[in-house]
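Remarks on the overall topology
The lines below spell out each chain.
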Amino acid sequence: MSSTPATSAPRSRSTVRWVLMLGALATLPAFTVDMYLPSLPDVATDLNADPALAQLTLSGMLVGGAVGQLVIGPLSDRFGRRLPVIVGLSLHVVTSVLCAIVPSIGALIALRVLQGFFNAASQVSSIAIIRDRFTGSDAARILSRLMLVIGLAPLLAPTIGSFIAVHADWRAVFWVLAVLGVVLGAIVLRFLPETLPVERRRTGGAATVLRGYATLFRDRHFLALAVLPGLGMAVLMSYVVGSPFVLQEGYGLSHGEFAALFAVNGIGLVLSAQVNAALVRRVAPIRLLRAAITLQGVFALALLVVAVTGAGGVLGLLLALWLVLSMQGFIPPNASALALSRHGEMAGTAAAVIGAFQSGVAGLVSPLVGVLGGDAVAMASVMLGAVATALLVLGLATPAFRRGGWHHPV
């Protein structure tokens, strides 16, 4: 009877090690965005740019990440997981240094697009590594645990960024990001093993890659599930892009107050991800996904009402925001696990499509906050539109809302 704890303890420690290591890698794009947020109004002032152009330095990174996922995902299926991560981290360091000395807003936007492209290596490889080692509900559980580590980004990064903004300037943020890339590179070189053996790697050139993508894009259910994390990220990034201007300029919050409120919303993301990790052992991922998107739609509608009417002031707005964002921890883990389970033989390419949708949809949708005026109503409207689209995709492109209609085992 004593053998069970002895067996499970090493397994538990191994899982924790993987979650921490992969979480650190997957968090890099989030840190690269969130640490920079408190300085966003300062960037616009220092570079004499319109706030909408300053917001493009965030959206551009997401679009670059979308393209990067599509390029790097198939490369990770062919050459393994470690090499793309090492190259991506090295180029992250280079672009961070260039961002720190950039002279104009146009150059900064271009560099952020490149930074997003290179950061995609960490993100897509992390997801593919999980699929290399876990499947089905286990993968959803590990992805949820990963959200705990990723959730540290909104908790810590804006606070660090605020400290830097107060004691230095926005350019110093990029020097810190360069150092972070060096540290992560050292961790990968020392601790990350290759999880894709040579015999399982996909061979061939561009034709093989295109056939892989053709297979994925012919799978209607895969595409529907793959786009849902992107629409969820559009909700999150609409908040991320709009909140510095809404809360700091619209409601007069200081750098520190903004960072604290951003952290509170980050706690909601972390808590929901951990609730999901616990529930997914007993409740099918598709059921959790269906309930979360529905509730998020209700909360997003309430947020728009609060933004239009001003009911409850800043506290009412923050409460509604917290409720909307607290559903986010249920959406990417379950949707990604379901999508990946359909094409485990090319996990890197499948993860690339999911990641491309996640970055690309968010990158295309979130600038609408600035286009529509950059105020609370614009932010809430874009968030509600993204959630409504996710509900339509889930309802029309999958049998998730039909009794007994979901034929996939997970």
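Just so it is clear, the structure is predicted and the values come from calculations on it, not from any experiment.

Time to look at the overall build of the chain. Helix and strand content of the chain: 17 helices and zero strands. For 410 residues, the compact-globule estimate of 2.2 N^0.38 gives 22 Å, and the C-alpha radius of gyration of the chain, at 20 Å, lies within 12% of that figure. Counting across all 410 residues of the chain, residues that qualify as buried make up 58%. Within the chain, counting contacts between residues at least 6 apart in sequence, those at least 24 apart form 86% of the total. For the chain, the accessible area works out to roughly 16000 Å², and carbon and sulfur atoms hold 70% of it. One finds the centroid of the 26 positive side-chain charges in the chain at a distance of 17 Å from the centroid of its 15 negative side-chain charges.

Considering all chains together, one arrives at two salt bridges under this definition. The closest approach of N and O atoms between Asp46 and Arg171, which form a salt bridge, is 3.8 Å. Taken together, the residues Asp46 in helix H2 (residues 40-46) and Arg171 in helix H8 (residues 170-191) connect sequence positions 125 residues apart. For Asp46, a relative accessible area of 47% puts it in the partly exposed group. A salt bridge links Arg81 to Asp77, with the shortest nitrogen-to-oxygen separation between them at 3.0 Å. Looking at Asp77, the relative accessible area reads 4%, which means it is buried.

The next point concerns the packing of aromatic side chains. Per the stated rule, a full pass over the model turns up four aromatic pairs. Seen from their ring centres, Trp170 and Phe174 are 6.2 Å apart, and the 85° between their planes marks the pair as edge-to-face. Of the two residues, Trp170 and Phe174 are both situated in helix H8; the distance of four residues between them amounts to about one turn of the helix. This pair shows no difference in class: Trp170 is buried, exactly as Phe174 is. Positioned above the aromatic ring of Tyr36, the side-chain terminus of Arg112 is 4.5 Å from the ring centre.

Scored by pLDDT, the chain comes out at a mean of 82, with 90% of its residues at no less than 70. In this model residues 1-10 is a low-confidence stretch, pLDDT under 50, and it forms one contact with partners more than four residues away in sequence or in other chains.

Another aspect to go through is the nonpolar core. If you look at the biggest cluster of nonpolar residues, it comprises 120 residues, and the most contacted ones within it are Leu108, Tyr239, Leu289, Leu317 and Met383. Leave out the neighbours within four places in its chain, and Leu317 touches Val246, Leu247, Tyr251, Leu303, Val306, Ala307 and Ala376.

For the pair helix H12 (residues 285-309) and helix H14 (residues 331-340), interaxial distance at closest approach is 9 Å and the crossing angle is 140°. Judged on the interaxial angle alone, H14 and H12 are oblique. When the axes of H12 and H14 are compared, the crossing they make is left-handed. Across the interface between the two elements, Pro285, Ile286, Leu288, Leu289, Ala292, Ile293 and Gln296 of H12 pack against Ile331, Asn334, Ala335 and Leu338 of H14. For the contact of H12 with H14, the residue count by class is nine nonpolar, two polar and no charged.

Basis of the calculations
Going along each chain's sequence as written, the residues are numbered from 1 onward. Owing to the predicted nature of the model, reporting of local features is limited to residues with pLDDT of at least 70; listing and counting of side-chain atom pairs is limited to 80 or more, with chain, interface and lining totals taken over all residues. Hydrogens and waters are ignored; side-chain quantities use all the structure's heavy atoms. Counting from the N terminus, the helices are DSSP H or I runs at least four residues long and the strands are E runs at least two residues long. Each radius of gyration reported is based on C-alpha atoms, and the globular scaling rule is 2.2 Å times the count of residues to the power 0.38. A simple rule labels every residue: compare its accessible area, found with a 1.4 Å probe on the protein chains alone, to the largest value its type can have, and call it buried under 20%, exposed over 50%, or partly exposed in between. Residue contacts are counted whenever heavy atoms from the two residues lie within 4.5 Å of one another. Per-residue and other accessible areas were derived by the Shrake-Rupley procedure at a 1.4 Å probe size, with only the shown protein chains allowed to occlude residues. Residues scored as positive are Lys and Arg, those scored as negative are Asp and Glu, and His as well as the terminal groups of each chain are ignored. A charged residue contributes its charge at one atom only: NZ of Lys, CZ of Arg, CG of Asp or CD of Glu. We define a salt bridge as a side-chain nitrogen of Lys or Arg found within 4 Å of a carboxyl oxygen belonging to Asp or Glu. The aromatic pairing rule takes the rings of Phe, Tyr and Trp, using the six-membered ring of Trp, and pairs them if the centres are within 6.5 Å, calling planes under 30 degrees apart stacked, those over 60 edge-to-face and the rest tilted. Note on geometry: a ring has a charge over it if NZ (lysine) or CZ (arginine) is within 6 Å of the ring centre and within 35 degrees of the ring normal. You can read pLDDT as the predictor saying how much it trusts each residue, on a scale of 0 to 100. The nonpolar core is taken to be a set of buried Ala, Val, Leu, Ile, Met, Phe, Trp, Tyr and Cys residues, with the residues joined through side-chain atoms within 4.5 Å. In this description, a line fitted to the C-alpha atoms serves as the axis of each element, helices being fitted only across the stretch in contact, and the angle between N-to-C directions of two axes falls anywhere from 0 to 180 degrees. Roughly parallel refers to an angle under 35 degrees, roughly antiparallel to one over 145, roughly perpendicular to one between 65 and 115, and oblique to any angle outside these ranges. If you view the pair so one helix is near and one far, a crossing is left-handed when the near helix is turned anticlockwise from the far one by less than a right angle, and right-handed when it is turned clockwise. When residues are sorted by character, Ala, Val, Leu, Ile, Met, Phe, Trp, Tyr, Cys and Pro go into the nonpolar class, Asp, Glu, Lys and Arg into the charged class, and all the rest, Gly among them, into the polar class.

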